[in-house]
Amino acid sequence: MTVTGGMPFTGDTENPREAAAIRCMTPDDLPPISFAPPAPPDAWSVPDAAACHALWDRYAMPEHIRAHSSMVADMAMALARAAMADGTGGGGGADLHLPSVLACALLHDIAKDYTIRFGGNHAQLGGAWTLHETGNPRIAQGVMHHVHWPWRVDVAVPQWLMPLIIIYADKRVKHDRLVKLEERFDDLIERYGRTERIRERIRESHEQAVDIERALSARLGVPLHDAGLRDGQLAVNAG
């Protein structure tokens, strides 16, 4: 499977072809998208890291969003590995497909720059772009819901664990640095809290992130509030 046709988004509405030549490759220059084996019994292909990076190029993702997405992916993969190692949840380790977790984390902000420039909901648009490019609804689900989870927080539901991991990993990364939830949400209030309604939505998102942190901490047997990363694994007081 290859990247679908059409010019990549460039952020330049007056001369998109010239901007594409400067900011990113054209579709003909993009390498073929390669896919990891799907997780049984899923029938959907999963883009690997190189394929996700090619999609970053197609949609002209800025460098700072690439750095953020890479750190979110590191955190999400560490959480997923810990969940697969069982933790204290009982019933054996989680049935997670690591390539899907990686792809979901790398693509979660694919529409962020576009919506900053032109408006819209970057989670909704990113989910649509991801489904269009990959044909994988599970990955698109994680992108679509990485800002807000519209159902109860329950990490024991197998189908919900991956998107909840993506939400939490994203909420722990400020720019390209792993921080605690409080610092991340203080930054969101400062940067985006232009109205009381927006500030209230950010506070609601903070409350949900705390709920997810508690649920994942109980499942993994790790106090995530104090956890960082060391050599790709969760580590308490890792600095």
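Structure: above.
Residues numbered from 1 in each chain as written. Predicted model: local features only at pLDDT ≥ 70, side-chain atom pairs only at ≥ 80, totals over all residues. Heavy atoms only, no water.

**Description of the overall build of the protein**
So, point 1. Across its full length, the protein holds 10 helices and six strands.
So, point 2. Counting across all 239 residues of the protein, residues that qualify as buried make up 47%.
So, point 3. Of the roughly 11500 Å² of accessible surface on the protein, 52% is carried by carbon and sulfur atoms. (Helix = DSSP H or I, 4+ residues; strand = E, 2+ residues; numbered from the N terminus. Buried < 20%, exposed > 50% of the residue type's maximum accessible area, 1.4 Å probe, protein only. Areas by Shrake-Rupley, 256 points an atom, 1.4 Å probe, with all protein chains shown as cover.)

**With respect to the side chain of H97**
So, point 1. Tracing the sequence through the fold places H97 in the loop between α3 (63-84) and α4 (98-107).
So, point 2. The buried category is assigned to H97, whose relative accessible area is 17%.
So, point 3. Here S100 takes part through its side chain, which lies 2.7 Å from a polar atom of the side chain of H97. (Polar contact = N/O pair within 3.5 Å; in protein donor to acceptor, adjacent residues only side chain to side chain.)

**Structural notes on the packing of aromatic side chains**
So, point 1. Counted by the stated rule, this structure contains six aromatic pairs.
So, point 2. The interplanar angle of 50 degrees and the centroid separation of 4.9 Å between the aromatic rings of Y114 and F118 together place this pair among those described as tilted. With Y114 and F118 both in helix α5 (residues 112-118), this residue pair falls four residues apart, about one helical turn.
So, point 3. Each ring, one from Y114 and one from W129, has its centre 5.6 Å from the other, and the planes form 75 degrees; the classification is edge-to-face. Linking Y114 in helix α5 with W129 in helix α6 (residues 122-134), this pair joins segments that are 15 residues apart in sequence.
So, point 4. On the basis of relative accessible area, W129 is assigned to the buried category, the value being 15%.
So, point 5. Taken together through their ring pairs, the aromatic side chains of Y59, Y114, F118 and W129 make up a single cluster. (Phe/Tyr/Trp six-rings, centres within 6.5 Å; stacked < 30°, edge-to-face > 60°.)

**Some points on the pairing of strand β5 (residues 227-230)**
So, point 1. Here β5 runs beside strand β6 (residues 233-236); their pairing, made up of four bridges, is antiparallel. When the bridges of β6 are listed, A227 appears paired with V236.
So, point 2. Hairpin connection from β5 to β6: two residues lie between these consecutive antiparallel strands, with D231 at a positive phi of about 55 degrees. (Pairing = 2+ DSSP bridges.)

**What to know about the state of the cysteines**
So, point 1. A complete count under the given rule lists zero disulfides for this structure.
So, point 2. Unpaired in terms of disulfides, C52 finds its nearest cysteine sulfur in C104, a separation of 9.4 Å. (Disulfide = S-S within 2.5 Å.)

**Here we look at the environment of Q208**
So, point 1. Take Q208: it is sitting in helix α10 (residues 196-220).
So, point 2. With 40 residues separating them in the primary sequence, Q208 and Y168 have C-alpha atoms 9.4 Å apart.
So, point 3. Discounting chain neighbours no more than four positions away, the residues touching Q208 are H148, W149 and V153. (Contact = heavy atoms within 4.5 Å.)

**Here we look at helix α9 (residues 181-192)**
Owing to its 3.6 residues per turn, the α-helix brings residues three or four apart onto one side.
So, point 1. Between its first and last C-alpha atoms α9 spans 16 Å; for 12 residues at 1.5 Å apiece the expected length is 16 Å, and the two agree.
So, point 2. Residues L181, R184, F185, D187 and L188 constitute the buried set of α9. Projected down its long axis, α9 shows its buried positions confined to an angular sector of 155 degrees, all on one face. In this structure, α9 carries D186 and E190 as exposed residues pointing more than 90 degrees from its buried face.
So, point 3. Where the residues of α9 are buried, they touch α3, α8 (158-171), β3 (173-174) and α10. (Expected span 1.5 Å × (residues − 1). Arc of directions from axis to C-beta.)

**Quick word on the environment of R191**
So, point 1. Mapping R191 onto the fold places it in helix α9.
So, point 2. The residues touching R191, leaving out its near neighbours within four places in the chain, are H175 and R184.
So, point 3. Here the side chain of R191 touches D187 through a polar contact of 2.8 Å, side chain to side chain.

**Here we look at the nonpolar core**
So, point 1. Within the largest apolar cluster, 57 residues are counted, with the highest numbers of intra-cluster contacts made by L79 and L224.
So, point 2. The set of elements that each furnish at least two residues to this core consists of α2 (49-58), α3, α4, α7 (137-144), α8, α9 and α10.
So, point 3. The element that contributes the greatest number of residues to this core is α3, accounting for 11 residues.
So, point 4. With residues near it in sequence (within four places) discarded, L224 still touches L79, Y168, R172, E213, L216, S217 and L234. (Core = buried A, V, L, I, M, F, W, Y, C linked by side-chain atoms within 4.5 Å.)

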